[in-house]
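Single-letter residue listing:
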Amino acid sequence: MNLPWVSRVFGLIFTRRNELETRDKIIAVAIREFSAAGIKSVTMDRIAREAGISKKTIYQEFKDKKELVYETFFRELEKNACKLKDMEVDADGVIEHLIEFSRFLRERFTDMHPMVLNEIKRYYPESWALFEQFKEEYAIRNLEDLMERGKALGYFRPEINSRLLALMRLEQISLLLDPSRFNPVKVNLGEIQLQMFEHFLYGIFTEKGRVAYQEQMNHQL
């Protein structure tokens, strides 16, 4: 039986799948290139070349570089949000969660070009708004909830203001992304993040928390 509409439907599905694959490929390449070299220095020509497609194909998927930056940044923040959610589920307890959170920060800042967030803040306000939303809805909430659990278990000092300290911790992270204060050529941002994170922790630990953290870190080594 000849059903021409079936061919048309499957043809549309195939075309749409190819379009999605092309879009995903462009985003994947853009994420890789932006992370390696920063946003400003990566041109659409470079992305097209690395993706093995024409620049015209990119502009069929994205109106301009601003839209591409927005989509790539959204994908990365979405992945980070999923990672934070997974930590909540997978970690056995507060101390384990802290160690995973520390590792997460170090990996993210080691893999990312130090100018990326600074460039987004200066030149891409719509994308920066995504970052602010991510901080509020995921990063700050995750850390605040973690500190409240730690207080209940006796790991953190009971008098600390969890919300205020979570905000402060996220501002510490943002501070390190300011090249006028920390030159990424001269310092290892991933290592500094770890140092500042531990400084933060020892300011809120009780003796029980400090001992538990050191035991876990020694076990990791």
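From a predicted model like this one, the values you see are computed outputs, not experimental measurements.

Undergrad: Residue-level account of the nonpolar core, with values.
TA: Core analysis: the biggest nonpolar cluster contains 57 residues, and I47, I95, L98, L117, I120, M147 and F156 have the highest contact counts within it. Take this core: its biggest share by element is 9 residues, from helix α7 (residues 125-152).

Undergrad: I'd love a proper account of the packing of helix α6 (residues 116-123) against α7, names of residues and values included.
TA: The N-to-C vectors of α6 and α7 enclose an angle of 120°; their axes lie 6 Å apart at closest approach. Classified by the angle their axes make, α6 and α7 are oblique. By crossing handedness, the relation of α6 to α7 is classed as left-handed. Packed against α6, whose contacting residues are L117, I120, K121 and Y123, the element α7 presents P125, S127, W128 and F131 at the interface. Counted by class, the contact of α6 with α7 contains 6 nonpolar, 1 polar and 1 charged residues.

Undergrad: A description of helix α8 (residues 162-175) should follow, citing residues and the corresponding values.
TA: For α8, with 14 residues, the first-to-last C-alpha span of 20 Å sits near the 20 Å given by 1.5 Å per residue. Listed as buried for α8 are S162, L165, A166, R169, L170, Q172 and I173. One side of α8 carries all its buried residues, which in axial view fall inside an arc of 150°. For α8, the N-terminal capping position is held by N161, with its side-chain oxygen 3.2 Å away from the main-chain nitrogen of R163.

Undergrad: Please give an account of the pattern of salt bridges that cites residues and values.
TA: Under the criterion given, the structure shown has 15 salt bridges. Salt-bridge contacts for E132 lead to K135; the nearest nitrogen and oxygen are separated by 3.7 Å. Note that E132 and K135 are positioned in helix α7 at a spacing of 3 residues, about one turn of the helix. Taking the shortest distance from any N to any O, the salt bridge between R157 and E159 comes out at 2.8 Å. Counted as one network, the salt bridges with shared partners bring together R32, E33, R46 and E50.

Undergrad: So what's going on with the side chain of Q172? Which residues, and what values?
TA: The topology assignment puts Q172 in helix α8. We classify Q172 as buried; its relative accessible area is 15%. Reaching out from Q172, the side chain makes a polar contact with the side chain of R169 at a distance of 2.8 Å. The contact partners of Q172, leaving out residues within four places of it in the chain, are M196 and F200.

Undergrad: Outline the packing of aromatic side chains, listing residues and values.
TA: For the coordinates displayed, the defined rule picks out 7 aromatic pairs. An angle of 45° between the planes, with centres 4.9 Å apart, marks the rings of W128 and F131 as tilted. Of this pair, W128 and F131 both sit in helix α7, 3 residues apart, roughly one helical turn. With relative accessibility at 15%, the residue W128 sits in the buried group. Residue classification places F131 among the buried positions, given a relative accessible area of 9%. Seen in terms of ring centroids, Y202 and F205 are 5.7 Å apart; in terms of plane orientation they differ by 80°. Their pairing is edge-to-face. On the basis of relative accessibility, which here comes to 37%, the residue Y202 falls in the partly exposed class. An aromatic cluster is present here, built from F156, Y202, F205 and Y213 joined pairwise through their rings. The ring of Y155 carries K208 above its face, with NZ or CZ at 5.1 Å from the centroid.

Undergrad: Report on α7, specifying residues and quantitative values.
TA: Look at α7: 39 Å from first C-alpha to last across 28 residues, which is about the 40 Å you get at 1.5 Å a residue. If you look at α7, its biggest bend is around 40°, right at K135. Of the residues trailing α7, G154 is marked for its positive phi of about 85°.

Undergrad: Give me the side chain of R169: which residues, what numbers.
TA: Position of R169 relative to the elements: it lies in helix α8. Despite being buried, R169 has no salt bridge partner; E198 is the closest side chain of opposite charge, sitting 11 Å away. Other than its neighbours up to four places away in sequence, R169 contacts L105, L143, Q193, M196, F197 and F200.

How each quantity is defined
- Residues numbered from 1 in each chain as written.
- Predicted model: local features only at pLDDT ≥ 70, side-chain atom pairs only at ≥ 80, totals over all residues.
- Heavy atoms only, no water.
- Core = buried A, V, L, I, M, F, W, Y, C linked by side-chain atoms within 4.5 Å.
- Buried < 20%, exposed > 50% of the residue type's maximum accessible area, 1.4 Å probe, protein only.
- Helix = DSSP H or I, 4+ residues; strand = E, 2+ residues; numbered from the N terminus.
- Axes fitted to C-alpha atoms, helices over the stretch in contact; angles between N-to-C directions.
- Parallel < 35°, antiparallel > 145°, perpendicular 65-115°, else oblique.
- Left-handed = near helix turned anticlockwise from the far one by under 90°.
- Contact = heavy atoms within 4.5 Å.
- Nonpolar A, V, L, I, M, F, W, Y, C, P; charged D, E, K, R; others polar.
- Expected span 1.5 Å × (residues − 1).
- Arc of directions from axis to C-beta.
- Polar contact = N/O pair within 3.5 Å; in protein donor to acceptor, adjacent residues only side chain to side chain.
- Salt bridge = Lys/Arg side-chain N within 4 Å of Asp/Glu carboxyl O.
- Phe/Tyr/Trp six-rings, centres within 6.5 Å; stacked < 30°, edge-to-face > 60°.
- Lys NZ or Arg CZ within 6 Å of the ring centre and 35° of its normal.
- Bend = angle between axes of the 7 residues up to and from the residue.
- Lys, Arg positive; Asp, Glu negative; His and termini not counted.

In short, shape yes, function no, at least from these values alone.
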